[in-house]
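# Close look at the chain arrangement
For reference, the chains in residue letters:
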Amino acid sequence: MPGLRAAALAALLAAGCPAHTLPPPTLAQAIEAIADDDCAAAEPMLHRLLDEERGDPAQLHHYLGVCRQTAGDLAGAEARYREALRVNPALYESINNLGVVLGEQGRHDESVAVLGMLVQAYPGEPEAHYNLGFEQAQAGDAEAALASFRRTAELDTCGVEALLQASEVLRGLGRLEERILVLEEAVRRRPGDGICAVALSRALREAGRMQDAVAPLVAAAADGANDASTVAAVALELRNLGRDDEALAAARGAMDRAGADGEALRVAALTFALIARAAGRGADAEAALREALDRLPGQPELSFFLGGLLAEQGRCDEAVPLLKAAHTAFAAADPASPQARETARALGACGAAP
């Protein structure tokens, strides 16, 4: 039956075949569909299992809630999770997801109450403490959020997400030295991680510890696990520390890592050009932009930057075609955009009309 073509199946249905002639699905099949981001297939299975009283109704309602949440139907997801909990009040996944859904609806105090009960019932679950901390922060209780994130980090000794969240809470509280200690722990857990390195470097720079701020960035730039966009962010932080050579090396590495990812290449090339131009290395900036345009022909931001760079050097014959192409793209998207106005001004400086 699964191999029947649509026309054959339609003919059977038109002939009056009774409903549910197919073998009943299983919960495992529905869960597999959800894992494949195919709730359109999963929801009919779950409804049929409920209708035919096959399987645990609490689990069935829970997974229907997951599908509603995935679809952005937060009210529908809430109703399903509450129904799951009516059947089984101790179902961890439904309590957790209900707390998250309440938070997504902006009902942070209710979310905190639900997730607070969850951590009481499941004190050893780091996810429960993490979600509670996030909602406590949203509700404005910074100290409680900090305690929850710290507890998460104690339970999950490998993860860094809770440490990064704790550092943001500490930043808001103005507790810089504690923030640095938390971020140093994150870097110890994931040496070379670009996100952790940038966060720690910014905190160290804020504390005036410029030399200390360099090492984690250099390590992150060399770590092959970081993607091109992350390495570009590392390069900008090195530039902010006055380390132009390391910054340009990192940005060059980001361009190399971008591969076929056009957006990552755009970001990396613009980062390189920005750093190189500010460092008085216009030829390097020009070469990087031309290389990126060879890989992304007509990309408007790259065309604009290169055109502007050439115009500054009085090379308007080369600049104008690039600036016109960029202006056309920007004006088509929004004639009143800052980019459209800037390209028009640059063309005017070269004596050309948009």
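Okay, so let's go over this structure. A quick note: this is a predicted structure, and the numbers were derived from the prediction, not measured. (Residues numbered from 1 in each chain as written. Predicted model: local features only at pLDDT ≥ 70, side-chain atom pairs only at ≥ 80, totals over all residues. Heavy atoms only, no water.)

Within the structure shown, the criterion is met by 34 salt bridges. Between E178 and R175 there is a salt bridge, and its shortest N-O distance comes to 2.8 Å. Classification of R175 by relative accessible area gives partly exposed; the value is 25%. Ionic contacts of the salt-bridge type, sharing partners, join the residues E78, R82, R107 and E110 into one network. (Salt bridge = Lys/Arg side-chain N within 4 Å of Asp/Glu carboxyl O. Buried < 20%, exposed > 50% of the residue type's maximum accessible area, 1.4 Å probe, protein only.)

A few words now on the packing of helix α14 (residues 228-240) against helix α15 (residues 244-258). In contact at an axis separation of 8 Å, α14 and α15 are set at 170° when each is read in the N-to-C sense. Overall, the two elements α14 and α15 adopt an arrangement that is roughly antiparallel. On α15, the residues that touch A228, V231, A232, A235, L238 and R239 of α14 are D244, E246, A247, A250, A251, A254, R257 and A258. Residue composition of the contact of α14 with α15, grouped by class: 10 nonpolar, no polar and four charged. (Axes fitted to C-alpha atoms, helices over the stretch in contact; angles between N-to-C directions. Helix = DSSP H or I, 4+ residues; strand = E, 2+ residues; numbered from the N terminus. Parallel < 35°, antiparallel > 145°, perpendicular 65-115°, else oblique. Contact = heavy atoms within 4.5 Å. Nonpolar A, V, L, I, M, F, W, Y, C, P; charged D, E, K, R; others polar.)

Here the focus is the side chain of Q136. Among the structural elements, Q136 can be located in helix α8 (residues 126-138). Exposure remark for Q136: the relative accessible area of 11% places this residue in the buried category. Separated by 2.7 Å, the side chains of Q136 and S148 make a polar contact. If we ignore the near neighbours within four places in the chain, the residues touching Q136 are V112, D141, A144, A145 and S148. (Polar contact = N/O pair within 3.5 Å; in protein donor to acceptor, adjacent residues only side chain to side chain.)

Another aspect to go through is the packing of aromatic side chains. As enumerated under the stated definition, the model contains three aromatic pairs in all. Between F304 and F330 the ring centres are 6.1 Å apart and the planes differ by 75°, which places this aromatic pair in the edge-to-face class. Note that F304 is positioned in helix α18 (residues 300-312) and F330 in helix α19 (residues 316-333), a separation of 26 residues in sequence. A relative accessible area of 7% means that F330 is categorised as buried. (Phe/Tyr/Trp six-rings, centres within 6.5 Å; stacked < 30°, edge-to-face > 60°.)

Moving on: the nonpolar core. Residues L217, V234, L238, M255, F272, L289 and L302 are the most contacted members of the largest nonpolar core, which totals 71 residues. When residues in this core are grouped by element, the largest group, nine residues, is from helix α16 (residues 262-278). Other than its neighbours up to four places away in sequence, L289 contacts A269, L270, A273, L302, F305, L306 and L309. Grouped together as the second largest cluster of nonpolar side chains are 30 residues, A30, I34, C39 and L46 included. (Core = buried A, V, L, I, M, F, W, Y, C linked by side-chain atoms within 4.5 Å.)

Negative charge collects at one region of the surface, where E32, D36, D37 and D38 lie side by side. With respect to the helices, strands and loops of the structure, D36 is situated in the loop between α2 (27-35) and α3 (39-51). For D36, a relative accessible area of 55% puts it in the exposed group. (Patch = residues over 30% accessible without salt bridge, like charges linked within 9 Å, V, L, I, M, F, W, Y side chains within 5 Å. Areas by Shrake-Rupley, 256 points an atom, 1.4 Å probe, with all protein chains shown as cover. Lys, Arg positive; Asp, Glu negative; His and termini not counted. Charge placed at Lys NZ, Arg CZ, Asp CG, Glu CD.)

Even without being a glycine, D37 presents a positive backbone phi close to 60°. Within the secondary structure layout, D37 lies in the loop between α2 and α3. With a relative accessible area of 71%, D37 lands in the exposed category. Phi at E53 is positive, roughly 55°, even though this residue is not glycine. Relative to the helices and strands, E53 resides in the loop between α3 and α4 (57-70). Here E53 falls in the exposed class, since its relative accessible area comes to 72%.

The subject of this paragraph is the environment of E291. Inspection of the secondary structure assignment puts E291 in helix α17 (residues 282-295). Sequence spacing of E291 and M255 is 36 residues, and the spatial spacing of their C-alpha atoms is 9.7 Å. For E291, the residues in contact, after removing those within four places along its chain, are R252 and M255.

Further remarks concern the state of the cysteines. Inspection of every chain in the model, using the stated rule, returns two disulfides. In this model, C39 is linked to C67 through a disulfide, with the two sulfur atoms separated by 2.3 Å. The disulfide joining C39 to C67 has a torsion of about -85° about its S-S bond and is therefore left-handed. One end of the pair, C39, is in helix α3; the other, C67, is in helix α4, with 28 residues separating them in the sequence. Each of the two residues, C39 as well as C67, counts as buried. The residue that forms a disulfide with C316 is C350, at a sulfur-sulfur distance of 2.1 Å. Disulfide C316 to C350: torsion about the S-S bond roughly -75°, handedness left-handed. One end of the pair, C316, is in helix α19; the other, C350, is in the segment after α20 (338-349), and 34 residues separate them in sequence. Free of any disulfide, C158 has its nearest cysteine sulfur in C196, 13 Å distant. Take C158: its relative accessible area is 58%, and that puts it in the exposed class. (Disulfide = S-S within 2.5 Å.)

Time to look at the packing of α19 against α20. At a minimum axis distance of 8 Å, the contact between α19 and α20 shows a crossing angle of 155°. Relative to α20, α19 is oriented roughly antiparallel. The crossing of α19 and α20 is left-handed. Here α19 contributes V320, L323, K324, A326, H327, F330 and A331 to the contact with α20, which in turn contributes Q339, A340, T343, A344, A346 and L347. Across the contact of α19 with α20, the residue classes tally to nine nonpolar, three polar and one charged. (Left-handed = near helix turned anticlockwise from the far one by under 90°.)

Everything listed is a geometric property; what it means functionally is a separate question.
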